[in-house]
Amino acid sequence: IDRQTANLRDTNRSLEVQIAERKRAERVASVLYTISELTNTSENMNTFFEQLHQQLGQLVNNDNFYVALLDDDRKHIRFPYYVDERDAQVVDRRPLGKGLTEFVIASKKPIFIDESVYETLIAAGHVQGPNQCYGTRPRQWLGSPLLVDDEVIGVLSVQTYKDEVNYKQDDLELLNFVSQHVAVALERRRNADEIRRVNAFLEKKVAERTEELVNEIERRKKI
């Protein structure tokens, strides 16, 4: 009876794990689908990032979250969306430096940074020390590159200052998975915005040319 009870307990535990994994997978699929749809449903990029923040929060703690995008000159970083418990957003745009964001951009890989890894990066000169870094030093930091055709266009990041919040490797993999979909969505949104801009420019040119022709016709009629 004890053996059978133990076997049943193990079986139940295994089933609970499988159910939890399945529910998590369904939740991830739902979030990714919603993120992909945000490109078409969001009124503007601010709405897109707000809804992205909300969706990501269903999968991982993102009380502190930002989106960093490289400028076209690839010498500056913009922060179109920034939420932080400790630090207010000081600048919307800054030159590339030696922050954790730049480290992810250079490596082109998702990175999990805790206090020991942070100290190692400082010692190696890859990032700036506490007195030079941007904002309050987090206890744990996750960053994932936004890649389009193997080119980094930005970084998604979550971080925590609390001891009770512990990120895991699964969270980093999940953030990386989400960032791939976000990069595609951003590129699609950029292309759509560019098409709208070009169309608006062409419509303006056509209208101007039409007006010129009408004026020319009227001038000739008068002659």
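Below or above, wherever it landed, is the structure these notes cover. (Residues numbered from 1 in each chain as written. Predicted model: local features only at pLDDT ≥ 70, side-chain atom pairs only at ≥ 80, totals over all residues. Heavy atoms only, no water.)

### So, the overall build of the chain
The cut-off we apply is this: Strands are runs of DSSP state E lasting at least 2 residues, helices are runs of H or I lasting at least 4, and numbering of each runs from the N terminus. For the radius of gyration, the atom set is restricted to C-alpha positions; the globular benchmark scales as 2.2 Å times the number of residues to the power 0.38. Three exposure classes are used, based on accessible area relative to the maximum for each residue type with a 1.4 Å probe and protein chains only: buried under 20%, partly exposed in between, and exposed over 50%. Residues are treated as being in contact if the distance between any of their heavy atoms lies within 4.5 Å. Values of accessible area rely on a 1.4 Å probe in the Shrake-Rupley scheme; residue burial ignores everything except the protein chains shown. Under the convention used here, Asp and Glu are negative, Lys and Arg are positive, and both His and the chain ends fall outside the count. Throughout, a charge is located at the NZ atom of Lys, the CZ atom of Arg, the CG atom of Asp or the CD atom of Glu.
If you tally the helices and strands in the chain, you get five helices and six strands. What you see in the chain, going N to C, is helices and strands ordered as α-α-β-β-β-α-β-α-β-β-α. Against the 2.2 N^0.38 benchmark of 17 Å for 223 residues, the chain shows a C-alpha radius of gyration of 25 Å, more extended than a compact globule. Referenced to the eigenvectors of the C-alpha coordinate spread, the extents of the chain come out at roughly 110 × 50 × 30 Å. In the chain, which comprises 223 residues, the proportion classed as buried is 35%. Long-range pairs, those at least 24 residues apart, make up 58% of the contacts in the chain with a sequence separation of at least 6. Working note: accessible area of the chain is about 14,000 Å², and carbon and sulfur atoms make up 50% of it. Within the chain, one finds 32 positive and 37 negative side-chain charges whose respective centroids are separated by 4 Å.

### Some thoughts on the pattern of salt bridges
Where we set the bar: Salt bridges are counted wherever a side-chain nitrogen of Lys or Arg sits within 4 Å of a carboxyl oxygen of Asp or Glu.
This model, assessed by the stated rule, comprises 15 salt bridges. When the shortest N-O distance is used, the salt bridge between Glu151 and Arg74 registers 3.0 Å. Note that Glu151 is positioned in strand β6 (residues 151-160) and Arg74 in the loop between β1 (64-70) and β2 (76-83), a separation of 77 residues in sequence. Assessed through its relative accessible area of 42%, Glu151 is described here as partly exposed.

### Comments concerning helix α2 (residues 45-56)
For clarity, the cut-off: To estimate the expected span of a helix, count its residues, drop one, and scale the result by 1.5 Å.
Between its first and last C-alpha, α2 extends 16 Å over 12 residues, near the 16 Å set by a 1.5 Å rise per residue. The set of residues buried in α2 consists of Thr47, Phe48, Phe49, Leu52, His53, Gln55 and Leu56.

### Here we look at the side chain of Asn62
Going by this rule: Polar contacts here mean pairs of N or O atoms no more than 3.5 Å apart (in protein, one a potential hydrogen donor and the other a potential acceptor; neighbouring residues in sequence count only if both atoms are side-chain atoms).
Counting through the fold element by element, Asn62 comes out in the loop between α2 and β1. Taking relative accessible area as the criterion, Asn62 reaches 8% and is therefore assigned buried. At a separation of 2.7 Å, a polar atom in the side chain of Asn62 contacts the main-chain carbonyl oxygen of His53. Look past the residues within four positions of Asn62 in its chain and what remains in contact with it is His53, Leu56, Gly57 and Val158.

### Remarks on the nonpolar core
Filter applied, for reference: Think of a nonpolar core as a cluster: buried Ala, Val, Leu, Ile, Met, Phe, Trp, Tyr and Cys residues, connected wherever their side-chain atoms sit within 4.5 Å.
In terms of nonpolar packing, the biggest core is built from 31 residues, with Leu52 and Leu156 touching the most fellow members. At eight residues, helix α5 (residues 169-222) tops the list of elements feeding residues into this core. Grouped together as the second largest cluster of nonpolar side chains are 16 residues, Leu100, Ile113, Val152 and Val155 included.

### Here we look at a nonpolar patch on the surface
Spelled out, the test is: Like charges are joined within 9 Å and nonpolar side chains (Val, Leu, Ile, Met, Phe, Trp, Tyr) within 5 Å, but only among residues with over 30% relative accessible area and no salt bridge; these make up the patches.
A cluster of nonpolar residues, Val198, Phe201 and Leu202, forms a patch on the protein surface that exposes about 250 Å² of accessible area. Relative to the elements of secondary structure, Val198 occurs in helix α5. By relative accessible area, Val198 is classed as partly exposed at 31%.

### Concerning α5
In a regular helix each residue adds 1.5 Å, so 54 residues correspond to 80 Å; α5 covers 79 Å between its end C-alpha atoms and thus fits that length. By the burial criterion, the buried members of α5 are Asp171, Leu172, Leu174, Leu175, Asn176, Val178, Ser179, Val182, Ala183, Ala185, Leu186 and Arg189.

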